[in-house]
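Read off the chains here:
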Amino acid sequence: SPDAHRMLRWRRDRSAGRARTRPLFRRNYAYNDHRDARRLAEERGSESGAEESLDAHEDAAARGARLASLLSGLRRTALGDNDEGLEDLLRSVNAVESASQSTNTAAAVSSSSAGAAVLRSGKATLVRPGRSVEGELVLWRHAIRHSEPVESGGKVRSWPLHLLVELHVRRYLLQHTALELMFADGESAFFVLESRKAMYKLYKRIIALQPPRLRYYSERHKELRLAAATAFWQQRLISNFEYLMELNTLAGRSPNDLAQYPVLPWVLSNYEAERLDLDDPANYRDLSKPVGALNEERLELIQQRYEEFEDPENVVPKFHYGSHYSSEGTISGE
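Sequence order sets the numbering: in each chain, residues are counted from 1 along the sequence as written. Whole-chain, interface and lining totals are the exception, using all residues; otherwise, since this is a predicted model, local features are given only for residues with pLDDT of at least 70 and side-chain atom pairs are given and counted only at 80 or more. For side-chain calculations, the full set of non-hydrogen atoms in the structure is used, while hydrogens and water are omitted.

Q: Give me the nonpolar core: which residues, what numbers.
A: Core analysis: the largest hydrophobic core is formed by 22 residues, its most contacted members being Ile 144, Leu 181, Phe 191 and Ile 206. Comment: elements are numbered from the N terminus, with helices defined as DSSP H or I runs of at least four residues and strands as E runs of at least two. Where this core is concerned, the elements lending two or more residues are β3 (120–128), β4 (131–139), β7 (164–172), β8 (175–183), β9 (188–193) and α5 (196–208). Counting residues per element, this core draws most heavily on α5, which supplies four residues. If sequence neighbours within four positions are ignored, Ile 144 has contacts with Leu 137, Val 138, Leu 139, Arg 157, Ser 158, Trp 159, Leu 161, Leu 181, Phe 191 and Ile 206. Formed by five residues, the second largest nonpolar core is a distinct cluster that contains Tyr 172, Ala 178, Phe 190 and Val 192. Definition used in this section: a nonpolar core is a set of buried Ala, Val, Leu, Ile, Met, Phe, Trp, Tyr and Cys residues joined via side-chain atoms within 4.5 Å. Under the scheme applied here, a residue whose accessible area is under 20% of the maximum for its type counts as buried, over 50% as exposed, and between as partly exposed, the area being computed with a 1.4 Å probe on protein chains only. By the convention used here, residues are in contact when the closest approach between their heavy atoms is within 4.5 Å.

Printed below as a string of structure tokens:
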């Protein structure tokens with residue numbers, strides 16, 4: 001049949017799991033090569049094209065509810081053997097997710113927040129891997145928005161609060177002035193406020209709104225979540241990697257901040273064999289020593305530097321290592 005020989009189409013996946021990793025690609029059931037886009041635009045004219053553009057910006061909350069419904073149906077179908085129904089649901093989910101990509105545009109922000117009261121606003125820096133963007137942060141009842149200054153490009157980003165699942169107090173440059181928000185669609189936002197007081201005011205205001213999916217926001221939740229993650233790992237319900245990423249998240253590390261990037265232990269010593277025998281102790285490194293002390297020659301230099309170092313003002317104590325293993329420079333490779 002024609003369906004049996006059709007070309008598979010793929011798209012980049014924007015979602016992330018609990019380990020905060022993203023699959024590279026997923027099936028694209030709503031593929032469109034747009035070959036007729038120019039002809040159709042000329043036929044419809046600019047006026048009808050503008051109307052279509054407005055229609056495309058559906059209400060963000062309605063799209064989110066529809067997507068949640070489809071995903072719920074997807075989970076139910078995946079438990080059975082109905083492959084045809086599963087494929088139909090995947091096509092629907094893909095179409096709704098494609099429509100949701102415009103949520104973070106300025107038009108979507110204005111339509112979702114029209115007539116809504118501003119609950120909090122102020123200066124804030126949006127921290128992304130390798131980039132920090134200053135701007136204004138505005139909180140409404142149903143969304144939070146960050147706007148860049150016009151001279152920096154004027155880009156506007158918004159996140160619907162009905163998708164908020166986790167809210168973390170973070171440090172930035174050793175100061176407790178940051179908040180990290182994690183959403184059900186895999187997106188996250190790392191904001192640095194002007195002061196610790198401003199951060200906590202925003203933190204409490206978001207909690208007071210009681211977002212429907214928010215399940216983690218306090219130290220008590222942190223202890224319970226750590227205990228649950230450990231139990232899941234001990235029972236082999238989650239992988240080593242998922243458990244380590246959970247520990248990194250609870251410890252305050254985030255992929256958004258290169259100075260606090262997640263760290264994973266280096267446990268292997270054999271990187272040359274074509275086939276690795278995990279039952280051979282020789283393939284594992286000596287965990288009683290730090291990575292910097294595994295090489296004997298390097299260890300001698302480190303010991304020599306420690307013994308010979310003297311601060312003339314007697315302020316800096318002796319040290320073995322002059323930099324942290326997880327600094328921004330080492331993460332970015334600079």
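Q: Kindly report on the packing of helix α6 (residues 219–234) against helix α7 (residues 240–250), identifying the contributing residues and their values.
A: Interhelical geometry of α6 versus α7 gives an angle of 170° and a closest axis separation of 10 Å. The orientation of α6 with respect to α7, classified from their angle, is roughly antiparallel. Relative to α7, the crossing made by α6 is left-handed. Where α6 approaches α7, its residues Lys 222, Arg 225, Leu 226, Ala 229, Thr 230 and Trp 233 are matched on the opposing element by Asn 240, Tyr 243, Glu 246, Leu 247, Thr 249 and Leu 250. Under the convention adopted here, Pro, Cys and the residues Ala, Val, Leu, Ile, Met, Phe, Trp and Tyr are nonpolar, Asp, Glu, Lys and Arg are charged, and Gly plus all remaining residues are polar. Split by residue class, the contact of α6 with α7 holds six nonpolar, three polar and three charged. Convention adopted: a line fitted to C-alpha atoms gives each axis, helices being fitted over their contacting stretch, and angles between N-to-C directions are expressed from 0 to 180 degrees. Note on terminology: angles under 35 degrees are roughly parallel, angles over 145 are roughly antiparallel, angles of 65 to 115 are roughly perpendicular, and the others are oblique. With the far helix as reference, a near helix turned anticlockwise by less than a right angle produces a left-handed crossing, and one turned clockwise produces a right-handed crossing.

Q: Could you give an account of the side chain of Arg 225, with specific residues and numbers?
A: Structurally, Arg 225 is set in helix α6. Using a relative accessible area of 17% as the deciding quantity, one classes Arg 225 as buried. Leaving out residues up to four positions away in the same chain, Arg 225 has contacts with Glu 166, His 168, Tyr 216, Glu 246, Thr 249 and Leu 250.

Q: So, the sheet that holds β7: which residues are in play, and what are the values?
A: One open sheet holds the seven strands; their spatial order is β6-β5-β4-β3-β9-β8-β7, and the pairing between them is antiparallel. Each edge of the sheet is formed by a strand with only one pairing partner; in this case those strands are β6 (156–160) and β7. The sheet shows a mean angle of 30° between the axes of neighbouring strands, direction not considered. Paired strands are those between which DSSP finds at least two bridges. Here three bridges tie β3 to β9, and the two strands are oriented antiparallel to one another. Looking across to β9, one finds that Leu 126 is bridged to Phe 191. In this fold α5 packs onto β3, β4, β5 (143–147), β7, β8 and β9, with an angle of close to 30° to the strand it touches most, β8.

Q: Go over the packing of aromatic side chains, please, and point to the residues and values.
A: Put simply, two rings from Phe, Tyr or Trp (the six-membered ring, in Trp's case) pair if the centres are within 6.5 Å, and we call them stacked under 30 degrees between planes, edge-to-face over 60, tilted for the rest. Taken as a whole and assessed by the stated rule, the structure comprises six aromatic pairs. Summarising the aromatic geometry, the rings of Trp 159 and Phe 191 are spaced 5.5 Å apart at their centres and angled 80° between planes, so their arrangement reads as edge-to-face. Of this pair, Trp 159 sits in strand β6 while Phe 191 sits in strand β9, placing them 32 residues apart in sequence. In this arrangement the basic side chain of Lys 318 is found over the ring face of Tyr 306, its NZ or CZ atom lying 5.8 Å from the centre. Our definition puts a charge over a ring when NZ of Lys or CZ of Arg is within 6 Å of the ring centre and also within 35 degrees of the ring normal.

Q: Give a detailed account of the confidence of the model for the protein, specifying residues and quantitative values.
A: You can read pLDDT as the predictor saying how much it trusts each residue, on a scale of 0 to 100. For the protein, the average pLDDT comes to 78, and 67% of its residues sit at 70 or higher. For the protein, helix α4 (residues 106–113) is the element with the lowest average pLDDT, namely 46, and β9 is the one with the highest, namely 96. A low-confidence stretch, residues 46–58 (pLDDT under 50), is modelled with eight contacts involving residues beyond four sequence positions or located in other chains. Here residues 77–84 is modelled with pLDDT under 50, and outside its nearest four sequence neighbours on either side it reaches five contacts, counting other chains as well.

Q: How would you sum up a positive patch on the surface? Please name residues and give values.
A: A surface patch of positive charge is lined by Arg 120, Arg 141, Lys 197, Lys 201 and Arg 205. Element by element, the count of residues in the positive patch is highest for α5, at three residues. Structurally, Arg 120 can be placed in strand β3. Patch construction takes residues with relative accessible area above 30% that form no salt bridge. Like charges are linked within 9 Å, and nonpolar side chains (Val, Leu, Ile, Met, Phe, Trp, Tyr) are linked within 5 Å. Residue-level accessible areas treat just the shown protein chains as cover; the underlying method is Shrake-Rupley with a 1.4 Å probe. Within this document, salt bridges are pairs made up of a side-chain nitrogen of Lys or Arg and a carboxyl oxygen of Asp or Glu, the two lying within 4 Å of each other. Charged-residue counts in this description rest on Lys and Arg as positive and Asp and Glu as negative, His and the chain ends being excluded. Here the site of a charge means NZ on Lys, CZ on Arg, CG on Asp, or CD on Glu.

Q: Outline unusual backbone geometry, supporting the account with residue identities and numerical values.
A: Positive phi, normally seen in glycine, also occurs at Arg 236, with a value near 60°. Turning to its location among the elements, Arg 236 is positioned in the loop between α6 and α7. Unusually for a residue other than glycine, Asn 314 sits at a positive phi of about 60°. As for its placement among the helices and strands, Asn 314 is situated in the loop between α8 (296–308) and α9 (328–332). Note on Asn 314: relative accessible area 69%, which makes it exposed.

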